[in-house]
Amino acid sequence: MAVPVAFFALFFAYPVTAIVGRGLKAEGDWQFGRIGEVLSRPDILDVLWFTTWQALASTALTLLIALPGAYVFARFDFPGKQVLRAVVTVPFVLPTVVVGTAFLALLGRGGLLDELWGVRLDTTVWAILLAHVFFNYAVVVRTVGGLWSQLDPRQEEAARVLGAGRFAAFRRVTLPALAPAVAAAALMVFLFTFTSFGVVQILGGPAYSTLEVEIYRQTAQLLDLPTAAVLTLVQFAAVGAILAVHAATVRRRERALKLVDPAQTSRRPRGAGQWALLGGVLLTALLLILLPLGVLVERSFDGPGGYGIGYYEALQSVGAGGSSTFLVPPLEAVGNSLRYALVATLIALVIGGLAAAALTRRAGRLVRGFDALLMLPLGVSAVTVGFGFLITLDKPPLDLRTSWMLVPLAQALVGVPFVVRTMLPVLRAVDDRLREAAAVLGASPLRAWREVDLPLVRRAVLVAAGFAFAVSLGEFGATVFIARPDNPTLPVAVARLLGRSGELNYGQAMALSTILMLVCAVSLLLLERIRTDRSGEF
């Protein structure tokens, strides 16, 4: 536990505490009265209301659209099922900047809807809600569908034999069993939409602002650290409560249900109703997921002189078309992002692997507290972490402000929870007697780990590495502060291009987003091939 605790203390707790302290201290004294002052401002109350309202609306809309898909993946067996499962999961690993850009190409000025019917939905709440559904569709499908596929269908069939109708059997038998999984999925969707940044920043415009967007505006644009510090504390408290409820929900699900092999519950659709349901889910996947991504790709090739690779070629030069957005060719952001993500993945694997190994040992409250510590980066604004890096890691022996290592360190903070959650169940499943037998035969602890644990968890390590790589590749909130102008990452480069007017900048943003999408999609497809089993869900 020592190395992960030291890592989080130095690169998470220290920067966050420092930035909050600067905001709430004046002449060395804590000014807690600022909390009430900030939270009583009408503009801040509007931000809090919109953050909560849009998160609730996004969660409800996601459940409404994704639950039929969860049922189809759980109960039906059809050609291309695994490919479709990978396709609907692609949005989850995409950076929010790419999601915002894809919907901008579909709903914004000059987008598909604007060209066909003269309708624009950018800078409206509908664009934000649809993008959130796109982003979180797989969370519901994987979480609820994974459990649904393991519920014994004979229980519902028995209820129908006893006289219950189809809806009554579902309401009284299946729904109570699914309720904890639905609640867990809803809480996770609420968490992701409550802390939404890139989607709201790109699609919402100045009219809409979530807590995360407002923290960025107060910190980077207005330099109002007291307000940013208060909003950070509010977000941290809210997300901490969400994670606590989520943990309780997961524990309830694990001890309340007896599950069966998913292979026993899946069959081909029968009857017109089931085939219609399957067709509806396929149509939803086409319109909700494939259409935005397809429009994004199409816009990246649609240049002023017709279709071609002009925008991709422009990525190779500095200041193409009179633009001074970058000090280096935008295409260099691809290599930068890959290098940063690889280093961040290595750091996340080391820290997360050690943490997962520590959590397999039973040590009471100490280990449970350590487990909660690993989830804290999900509850604190990434903007706060990035800005905290700049104001704390600026003195020897940790003067890293000019070092390229700042970016992978920030990315690794987000990747570690994914590594832990992927490796921990597999490590806990390793029989202790195997380690004991190796020790009896004279193996040292290191050799026992190398000869016993590593072969058993190798696939879990590869899956964890894939998730950490995809998450690191798309990290934006912290990286936007610490990525240097001569070494931008792909998400930062896309955001900068979208922030400047001009058709060339817009086209290059679409091209870079397409490249980033392809890299993330390839990572996900590799994950699907090396998943340990069918239960390897979110």
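Here we summarise the structure given alongside this text. (Residues numbered from 1 in each chain as written. Predicted model: local features only at pLDDT ≥ 70, side-chain atom pairs only at ≥ 80, totals over all residues. Heavy atoms only, no water.)

## Concerning the overall build of the protein
Looking only at helices and strands, one finds 23 helices and 6 strands in the protein. When the 538 residues of the protein are sorted by exposure, 51% land in the buried category. Residue pairs in contact within the protein that sit at least 24 positions apart in sequence constitute 78% of those at least 6 positions apart. Total accessible area on the protein stands at roughly 24300 Å², and carbon and sulfur atoms take up 63% of it. (Helix = DSSP H or I, 4+ residues; strand = E, 2+ residues; numbered from the N terminus. Buried < 20%, exposed > 50% of the residue type's maximum accessible area, 1.4 Å probe, protein only. Contact = heavy atoms within 4.5 Å. Areas by Shrake-Rupley, 256 points an atom, 1.4 Å probe, with all protein chains shown as cover.)

## Section: unusual backbone geometry
Within the chain, Leu223 stands out as a residue other than glycine whose phi angle is a positive 55 degrees. With respect to the helices and strands, Leu223 occurs in the loop between α11 (211–221) and α12 (225–256). Judged by its relative accessible area of 64%, Leu223 is exposed.

## Considering a positive patch on the surface
Taken together, the side chains of Arg160, Arg166, Arg267 and Arg270 make up a positively charged region of the molecular surface. Along the chain, Arg160 turns up in helix α8 (residues 153–161). By relative accessible area, which is 39% here, Arg160 ends up partly exposed. (Patch = residues over 30% accessible without salt bridge, like charges linked within 9 Å, V, L, I, M, F, W, Y side chains within 5 Å. Salt bridge = Lys/Arg side-chain N within 4 Å of Asp/Glu carboxyl O. Lys, Arg positive; Asp, Glu negative; His and termini not counted. Charge placed at Lys NZ, Arg CZ, Asp CG, Glu CD.)

## With respect to the packing of aromatic side chains
Under the defined criterion, the tally for this structure stands at 16 aromatic pairs. Aromatic side chains Phe7 and Phe8 sit 5.9 Å apart centroid to centroid with 80 degrees between the ring planes, which places their arrangement in the edge-to-face category. On the accessibility criterion, Phe7 (7% relative accessible area) is buried. Taking the relative accessible area as the measure of exposure, Phe8 reaches 1% and is therefore buried. Ring centres of Tyr216 and Phe481 lie 5.7 Å apart, and the angle between their planes is 70 degrees; on these two criteria the pair is classed as edge-to-face. Taken together, the positions of Tyr216 in helix α11 and Phe481 in helix α21 (residues 479–482) put the pair 265 residues apart, joining distant regions of the chain. With relative accessibility at 15%, the residue Phe481 sits in the buried group. Three or more aromatic residues joined by ring pairs form one cluster here, namely Phe7, Phe8, Phe11, Phe12 and Phe389. (Phe/Tyr/Trp six-rings, centres within 6.5 Å; stacked < 30°, edge-to-face > 60°.)

## Section: the environment of Val98
Relative to the helices and strands, Val98 resides in helix α5 (residues 96–107). A residue is classified by how much of its surface remains accessible, and Val98, at 0% relative accessible area, is buried. On a C-alpha basis, the gap between Val98 and Met510 in space is 8.6 Å, while along the polypeptide they are 412 residues apart. The residues contacting Val98, other than those within four sequence positions of it, are Leu296, Ser513, Leu516 and Met517.

## Points about a nonpolar patch on the surface
Taken together, Leu283, Leu286, Leu287, Leu290 and Leu291 make up a surface patch of nonpolar side chains, about 420 Å² in accessible area. Note on placement: Leu287 falls in helix α13 (residues 271–301).

## With respect to the nonpolar core
Among the nonpolar cores identified, the biggest contains 160 residues, and Phe7, Leu94, Leu203 and Phe389 are the most heavily contacted of them. Leave out the neighbours within four places in its chain, and Leu203 touches Gly100, Phe103, Leu104, Asp122, Thr123, Thr124, Ala127, Ile128 and Ala131. (Core = buried A, V, L, I, M, F, W, Y, C linked by side-chain atoms within 4.5 Å.)

What is shown is where atoms sit, not what they do.
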